[in-house]
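Take a look at the letters that make up each chain.
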Amino acid sequence: MKSHRAHNPHAATSFGRDDDVDAVVGLVRAGHQLVTLTGRAGVGKTHLAYRVADTLAEEPRGTVAVVHLAEVVAPERVLPEIAVALDVVVLPGTDLTEAIGARIGDQGGLLVLDNLEHVLPAAADIARLLDRVPRLSVLATSQTSTRLDAETVLVVRPLPVDACVDLYAARAAAIDSRFTLDDREAVATLCEALEGLPLAIELAAARSAALPAPELLRLFEDRALGVLASRRVDVVERHRGLHSAIAWTYDRLTPSQQRLLRRISVAPTTVTLEDVEVLAGSEAETAIDELSTLVDFHLADLVRGTAPARYTLPSSIRAFALSELRARDEHDEAVAAYVAWLGRWARDKVEEATTLDEAATRKEIGAATENLVQGARTALALGTVADAVDITLAAALRWAHAGYHSSHQRLLDDVLREAADLRTGARSRLTALHALMLFHTGDQAMAPRITALLDEAEETGRAVEDDDAVLESHSSRALTSPLTGDLPGVMRAVSEGLPLAMRTGNDRWIARFELLAAAGNRLAGDDEPAIALATSAYARAKRTSYGAALVAGGAILRPMALSHPELAVGLRSTADDLALARKIELPWYELALPPIVALEALEEGEVDAARESLVEALTLVRGSRTPTLVGYALVAASELAAATGKAELALTLDAAVEPFRSVVVANSSRERAARHAATMDRCRAELGAEAGGATAAGSRLTLDEAVQVALSELGAPGPSRAVATRRLGVAAPLTDRQMEVLKLLATGLSNKEISAQLFIAEKTTMHHCAAIYQALGVRGRTEAVVWAAQHGMISAPS
């Protein structure tokens, strides 16, 4: 064996690649003739290839040689470079394939061809060489594959966070012997921002002597790629900065592919193929081919499991593309075109949500939420207020049912303020949804503002003769009544809304108003019309596959079935509706139904099942900004406490709900409200004089504090219980959605990627992760994945 290699200074100190090295070495040993390592610029393909060469150079398997192709300018120069690396004497008229084959001999060996992407036509020469020397293996590093039949492609992924931190610490210590890793969490945060790219982490570590990790993170967020540059002279130019590394790949693209990359960078998160076609101004076939090339070169990534397919640019690639867009004075025009397109898309989605498959449309809107938020802000900045309203309305259709953040509420405020003089159906609907979202805060002080917003929405809808807008205002008026107390307004809204819905012929509006009318009659104590209306809506929902109305109808009909048993025939179970709510993404019901499941289990005498559902309910609502949902869970918790002989706890938890009692009761059923009151009376009788103390203690608790007390006292897996759970080998109670998040954590996806996969906000993913860590009694994602794999909750991460 003879080795022909240049020294790799980092090969011996590469981090987090042992499994990758073993995988590549295994392929070579198994006789794979061509293995191509692809992946992002700066992800460490060259270092990995060197480590494989190091490993195989220690074996008696023939020649091992590394051929550097970065400076080779033409494909026909690849074979001569291989000949030079192998010390092959090339005479005029020499057949290089034969000469190289003869030099390698029958023993074969390994050729590492580093940076093959810019001379890919040389793949034909490589194929002839492999035919000539069957025992030869070629390990290529390339931004894209060679597409030879003999090729096995391995995508080199970014490093896991722990390996990133270790790499940073090692590089920082090599530069400054005084370096100590005092704040591992800060370094981990920086490494996540740098996307786990070894090149970026090494460049960051090179600045550690002057810039601690938190300061470097701040500078990186402000200045992006410009911060990550090296003054070292012993590395090639493209590795002296992340910008240079990306530019190397960018220069391999055709002008039209470069233009596409620049144009789609204005979308802040993901794009669909339709977005790409509009932004690029291309025909479908051209756009598909150009986008496929960007994916091949790892400049764009397919987000797995989305429908329609969505694509995203890694943040460093987006920053590079935006800088190129500005450098060519294309930025403003591209942004204006994108916002105009987003406005058209949003209008289409609003129409679909009203007339077609609402659940599927909400999922699409959810996947595009961040694009919509930033698009609306940009539209305001551009002065295209109508587009801002349309874009925000599409997002608000989902937020009003699926939850929202304070930043979304601020956006609504800003858009409606700027659109004060705009009289359109879209502005009317947005105003009504704004009122509905304010209702979800449970703040009684908001009641006058909610009523004023609904009056304004209704007036505008009538003025522009937009039936959907009027119906939206009527629907929101009815739904917000537990807070506003505007019963006359609700009666008018429902009495006017149902005939108007009938006139539109839209089954979704009709079912919605039948359910609203049914709920109103229930509150008034008039069960006969309530049953007729709810039954009609339920049948309509079944006939039209309107999942939201099925879930809502079940929530109305099931309590009535307690006193009208005939209604139970053909009625879905609460558990089935909970599963449907999760499938079609109705987070309100995802949070509201688990307490009902717990109460139903208690009514059947199944205390353990009730406890399990209640732990799920309390874990889900912890930190919720919606008092109604927290109130449901605490009421169920007080029932479980009473059923398990904890009368004092029952009264304490029940008292914590008191400030929101009217809203909780109004959204509950008469039957269960009466049963709950009787249960609390029994607890007071049992405690006697001590009952007042328990109630006083509860009145001093915030809702969050009450939830924590309930979890602690009723069997939630806090840290001590988690330890016991581990010893027993029993899986801690995670919800279905938390299990989905946990499984995706195990694949190495970031929070942003998990959010895109599940069509949820990134902040929601963070909340799920926090709940998972607490439930399992672990400190972070790595421990969570390891513990879950050890206890059979998920497959062991590969």
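Residues numbered from 1 in each chain as written. Predicted model: local features only at pLDDT ≥ 70, side-chain atom pairs only at ≥ 80, totals over all residues. Heavy atoms only, no water.

(A) Expanded view of the overall build of the chain. Across its full length, the chain carries 41 helices and nine strands. Of all 798 residues assigned to the chain, the portion counted as buried reaches 56%. Accessible surface, the chain: about 33,700 Å² in total, of which carbon and sulfur atoms supply 53%. (Helix = DSSP H or I, 4+ residues; strand = E, 2+ residues; numbered from the N terminus. Buried < 20%, exposed > 50% of the residue type's maximum accessible area, 1.4 Å probe, protein only. Areas by Shrake-Rupley, 256 points an atom, 1.4 Å probe, with all protein chains shown as cover.)

(B) Representation of the pattern of salt bridges within the structure. Following the criterion strictly, the structure yields 41 salt bridges and no others. Linking Arg-429 and Glu-472 is a salt bridge whose minimum nitrogen-to-oxygen distance equals 2.6 Å. Note that Arg-429 is positioned in helix α20 (residues 425-439) and Glu-472 in helix α22 (residues 467-479), a separation of 43 residues in sequence. Under the relative-accessibility criterion, Glu-472 is labelled buried at 3%. With its nearest N and O atoms 2.1 Å apart, the salt bridge here joins Arg-582 to Glu-616. Here the residue Arg-582 occupies a position in helix α28 (residues 574-583), and Glu-616 occupies one in helix α30 (residues 607-621), the gap between them amounting to 34 residues. Accessibility expressed as a relative area gives 14% for Arg-582, which makes it buried. (Salt bridge = Lys/Arg side-chain N within 4 Å of Asp/Glu carboxyl O.)

(C) How the structure looks around the environment of Ala-419. Its place among the elements puts Ala-419 in the loop between α19 (406-418) and α20. A sequence separation of 39 residues divides Ala-419 from Leu-380, and the C-alpha atoms of the two residues are 9.5 Å apart.

(D) Region of the structure containing unusual backbone geometry. Notably, Glu-195 is not glycine yet its phi reads approximately 65°, a positive angle. Inspection of the secondary structure assignment puts Glu-195 in the loop between α7 (184-193) and α8 (198-205). Within the chain, Asp-329 stands out as a residue other than glycine whose phi angle is a positive 55°.

(E) Spatial organisation of the sheet that holds strand β8 (residues 301-303). The strand order β7-β9-β8 describes an open sheet built from three strands, whose pairing is antiparallel. Of all the strands in the sheet, the pair left with one neighbour each is β7 (270-272) and β8. In this sheet, adjacent strand axes meet at a mean angle of 40° when their direction is disregarded. Pairing of β7 with strand β9 (residues 310-312), which is carried by three bridges, proceeds in the antiparallel orientation. Looking at β9, one finds that Val-271 is bridged to Tyr-311. Running over the sheet, helix α12 (residues 273-280) touches β7 and β9 and is turned about 90° from β7. (Pairing = 2+ DSSP bridges. Axes fitted to C-alpha atoms, helices over the stretch in contact; angles between N-to-C directions. Contact = heavy atoms within 4.5 Å.)

(F) Examining helix α27 (residues 547-561) more closely. With 15 residues, α27 should reach 21 Å at 1.5 Å per residue; the first-to-last C-alpha distance of 20 Å fits that figure. Most of α27 sits out of view: 14 of its 15 residues are buried. (Expected span 1.5 Å × (residues − 1).)

(G) Structural detail: the packing of helix α3 (residues 78-85) against helix α4 (residues 96-104). For the pair α3 and α4, interaxial distance at closest approach is 10 Å and the crossing angle is 25°. Taken together, the axes of α3 and α4 lie roughly parallel to each other. At the point where α3 passes α4, the crossing takes the left-handed sense. Residues Leu-79, Pro-80, Ile-82 and Ala-83 of α3 touch α4, and the partners they reach there are Leu-96, Thr-97 and Ile-100. Here the residues of the contact of α3 with α4 are counted per class, giving six nonpolar, one polar and no charged. (Parallel < 35°, antiparallel > 145°, perpendicular 65-115°, else oblique. Left-handed = near helix turned anticlockwise from the far one by under 90°. Nonpolar A, V, L, I, M, F, W, Y, C, P; charged D, E, K, R; others polar.)

(H) Molecular detail of the packing of aromatic side chains. Per the stated rule, a full pass over the model turns up three aromatic pairs. Between the aromatic rings of Tyr-168 and Phe-179, the centroid separation amounts to 6.1 Å while the plane-to-plane angle is 65°, which identifies the pairing as edge-to-face. You can see Tyr-168 sitting in helix α6 (residues 161-175) and its partner Phe-179 sitting in the loop between α6 and α7, a full 11 residues away along the chain. Above the plane of the ring of Trp-248 lies Arg-252, whose end atom (NZ or CZ) is 4.3 Å from the centre. (Phe/Tyr/Trp six-rings, centres within 6.5 Å; stacked < 30°, edge-to-face > 60°. Lys NZ or Arg CZ within 6 Å of the ring centre and 35° of its normal.)

(I) The arrangement of the packing of helix α32 (residues 647-656) against helix α36 (residues 703-713) in detail. Closest axis-to-axis distance for the α32/α36 pair is 9 Å, and the angle between their directions is 155°. One element, α32, and the other, α36, form an angle in the roughly antiparallel class. Helix-helix and strand crossings are classified by hand; for α32 and α36 the assignment is left-handed. Counted together, Leu-649, Leu-653 and Ala-656 of α32 and Leu-703, Ala-706, Val-709, Ala-710 and Glu-713 of α36 form the full contact between these two elements.

(J) The pairing of strand β4 (residues 109-114), seen in detail. Most of β4 is tucked away: six of the six residues are buried. Side-chain alternation along β4 places Gly-109, Leu-111 and Leu-113 on one buried face and Leu-110, Val-112 and Asp-114 on a second face that is also buried. Where strand β3 (residues 63-68) meets β4, six bridges bridge the pair, whose relative direction is parallel. Pairing of Val-66 across the sheet is with Val-112, part of β4. Examined bridge by bridge, β4 and strand β5 (residues 136-141) share five bridges and lie parallel to one another. Residue pairing in the sheet places Val-112 in a bridge with Leu-139 of β5. Crossover handedness for the path β4 to helix α5 (residues 123-132) to β5: right-handed. (Right-handed = clockwise from strand over helix to strand, strands pointing away.)

(K) Geometry of the nonpolar core. Core analysis: the biggest nonpolar cluster contains 123 residues, and Val-52, Leu-139, Tyr-168 and Leu-261 have the highest contact counts within it. Per element, the largest residue contribution to this core is 11 residues, and it comes from helix α18 (residues 385-402). Excluding residues that lie within four positions of it along the chain, Leu-261 makes contacts with Tyr-250, Leu-253, Leu-294, Leu-299, Leu-313, Ile-317 and Ala-321. In this structure, Trp-509, Leu-516, Ala-530 and Leu-567 belong to the second largest nonpolar core, which totals 43 residues. (Core = buried A, V, L, I, M, F, W, Y, C linked by side-chain atoms within 4.5 Å.)

(L) Fine view of the state of the cysteines. Counted according to the given criterion, the structure contains zero disulfides. Here Cys-191 stays unpaired: no disulfide links it, and the sulfur of Cys-164, its closest cysteine neighbor, is 4.9 Å away. Take Cys-191: its relative accessible area is 2%, and that puts it in the buried class. (Disulfide = S-S within 2.5 Å.)

(M) Representation of the pairing of strand β2 (residues 34-38). Where burial is concerned, most of β2 is hidden: five out of the five residues are buried. One ladder, built from four bridges, connects β2 with β5; its direction is parallel. If you follow Thr-36 over to β5, its bridge partner there is Ala-140. As judged from the five bridges shared by β2 and strand β6 (residues 151-155), these two strands associate in the parallel manner. Each residue of the ladder has a partner; that of Thr-36, found in β6, is Val-153.

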